[in-house]
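# Remarks on the overall topology
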Amino acid sequence: MTRRKPLHSISLLIFAMSTIVATAAEPSLKEIMQDLRDNLVEITDGLLVDDFERVARGAAGVAQHAPISAPQAKQIAAALGPEMPAFKQFDEQVHALSLAIASAASDQDRDAVIVNYRRMVDGCVACHAAFKERVAAVLSKSP
Ligand code: HEC
């Protein structure tokens, strides 16, 4: 019976370790962006084959993207200083437009999907034009 105790402790330890690993696996901004690209491809595919469910799924993916991790958000804020609200504004704009796409898709309103899709892609590209290079440089220096 005394042999059981260490085993139990080991399983607790493994459980604790897996929790730590899960926390460490918080996605980087680059990984969040790669997911956004996948979501955008899904919206585009849906549009091209008139599959509104697929459009809605991709749009929901954009709307629910993982948050920027606290350490990376701090690094970005430190690098952009007074420009941080403009950075956030682009994120909010893309978020609002992804919701508009999801709603238009559930109404099967192709024209409204397309109008908001164009605006959303404009938002992605506008943030990249304004900030991508600088932010990527700052984040690539992180430990
Ligand atoms: C608020 C600003 C902002 C918005 C909005 C934004 N991005 Fe980005 N994106 C970035 C930054 C900053 C990087 C560079 C990240 C890095 O390299 O660490 C990036 C990088 C990327 C990359 C390159 C990833 C790689 O593997 O190097 C892709 C793809 C991408 N974004 C897709 C998108 C899509 C699709 C959208 C719109 C649905 C979008 N982004 C909206 C800021 C933004």
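Residues numbered from 1 in each chain as written. Predicted model: local features only at pLDDT ≥ 70, side-chain atom pairs only at ≥ 80, totals over all residues. Heavy atoms only, no water.

## Notes on the coordination of the iron atom of the ligand
The criterion, for reference: Water is not among the atoms examined, so metal sites may look incomplete; donors are the N, O and S atoms within 2.8 Å of the metal, or within 3.2 Å for Na, K and Ca. By the criteria applied here, four donors are tetrahedral when all angles lie between 85 and 135 degrees, four are square planar and six octahedral when opposite donors are over 155 degrees apart and every other angle lies between 65 and 115, and any other arrangement is irregular. We count a stretch as a helix when DSSP gives it H or I for four or more residues in a row; a strand needs E for two or more, and each element gets its number in order from the N terminus. When accessible area is computed with a 1.4 Å probe and restricted to protein chains, residues below 20% of their type maximum are described as buried, those above 50% as exposed, and intermediate ones as partly exposed.
Every protein donor of the iron atom of the ligand is accounted for by Met33 (SD) and His128 (NE2), and the metal-donor separations fall at 2.0 to 2.3 Å. Every donor counted, the six donor atoms about the iron atom of the ligand form angles of 88 to 179° at the centre, which fits octahedral coordination. Residue Met33 is located in helix H2 (residues 29-48), and its partner His128 is located in helix H6 (residues 110-140); the two are separated by 95 residues in the primary sequence. Relative accessible area serves as the criterion here: at 36%, His128 is assigned to the partly exposed category.

## Brief notes about the site of the ligand
Quick reminder of the rule: A molecule or strand has a residue near it when one of that residue's heavy atoms lies within 4 Å. Pairing of N or O atoms within 3.5 Å defines a polar contact, subject to two protein rules: one partner must be a possible hydrogen donor and the other a possible acceptor, and residues neighboring in sequence count only if both atoms are side-chain atoms. Points on a 1 Å grid, built from protein atoms alone, make a cavity when a 1.4 Å probe fits but cannot get out and make a pocket when they are open with protein on both sides within 12 Å along at least 5 of 7 lines; residues with an atom within 4 Å of a point are the lining residues. For a cavity or pocket, the test is whether more than half of a molecule's atoms lie within 2 Å of its grid points; if they do, the molecule sits there. Under the grouping applied here, Gly and all other residues not named as nonpolar or charged are polar, the nonpolar ones being Ala, Val, Leu, Ile, Met, Phe, Trp, Tyr, Cys and Pro and the charged ones Asp, Glu, Lys and Arg.
Around the ligand, a shell composed of 18 residues is seen, among which Met33, Gln34, Cys124, Cys127 and His128 lie nearest. Gln34 is positioned with one of its side-chain polar atoms (N or O) 2.7 Å from an oxygen atom of the ligand. His128 has a polar side-chain atom sitting 2.8 Å from a nitrogen atom of the ligand. If you map the ligand onto the pockets, it falls in the largest pocket. At the level of elements, H2, helix H5 (84-106) and H6 are the ones that each hand at least two residues to the shell around the ligand. Residue classes in the shell around the ligand are distributed as twelve nonpolar, two polar and four charged.

## Regarding the pattern of salt bridges
Side-chain pairs of opposite charge can arise where the charged atoms are in close proximity. Put simply, the rule is: By definition, a salt bridge exists where a carboxyl oxygen of Asp or Glu is found within 4 Å of a side-chain nitrogen of Lys or Arg.
Counting across every chain of the model gives four salt bridges. Here Arg110 ties to Asp50 by a salt bridge, and the two come within 2.7 Å at their closest N and O atoms. Taken together, the residues Arg110 in helix H6 and Asp50 in the loop between H2 and helix H3 (52-63) connect sequence positions 60 residues apart. For Asp50, a relative accessible area of 46% translates into the label partly exposed. The closest approach of N and O atoms between Arg134 and Glu83, which form a salt bridge, is 2.7 Å. Here Glu83 lies in the loop between helix H4 (70-80) and H5 and Arg134 lies in helix H6, a separation of 51 residues in the sequence.

## Examining the environment of Pro71
By the secondary structure assignment, Pro71 is in helix H4. Accessibility expressed as a relative area gives 53% for Pro71, which makes it exposed. As for Pro71 and Leu139, which are separated by 68 residues in sequence, their C-alpha atoms are 9.9 Å apart.

## Some words on the layout of surface pockets
Going by this rule: Grid points are joined across faces, edges and corners, and a volume is the space filled by probe spheres set on the points.
By volume, the largest pocket amounts to about 940 Å³. Elements with a minimum of two residues in the lining of the largest pocket: H2, H5 and H6. For the lining of the largest pocket, a count of residues per class yields 18 nonpolar, eight polar and seven charged.

## Focus: the nonpolar core
Test applied: We define the nonpolar core as a collection of buried residues of types Ala, Val, Leu, Ile, Met, Phe, Trp, Tyr and Cys that are connected through side-chain atoms lying within 4.5 Å of one another. Contacts are assigned to residue pairs with any non-hydrogen atoms lying within 4.5 Å of each other.
Core analysis: the largest hydrophobic core is formed by 15 residues, its most contacted members being Ile43, Val55, Val62, Ile101, Val113 and Met120. Those residues in contact with Ile43 that sit more than four places away from it in its chain are Val55, Gly58, Ala59, Val62, Ile101, Tyr117 and Met120. In this structure, Leu80, Met84, Phe90 and Val135 belong to the second largest nonpolar core, which totals ten residues.

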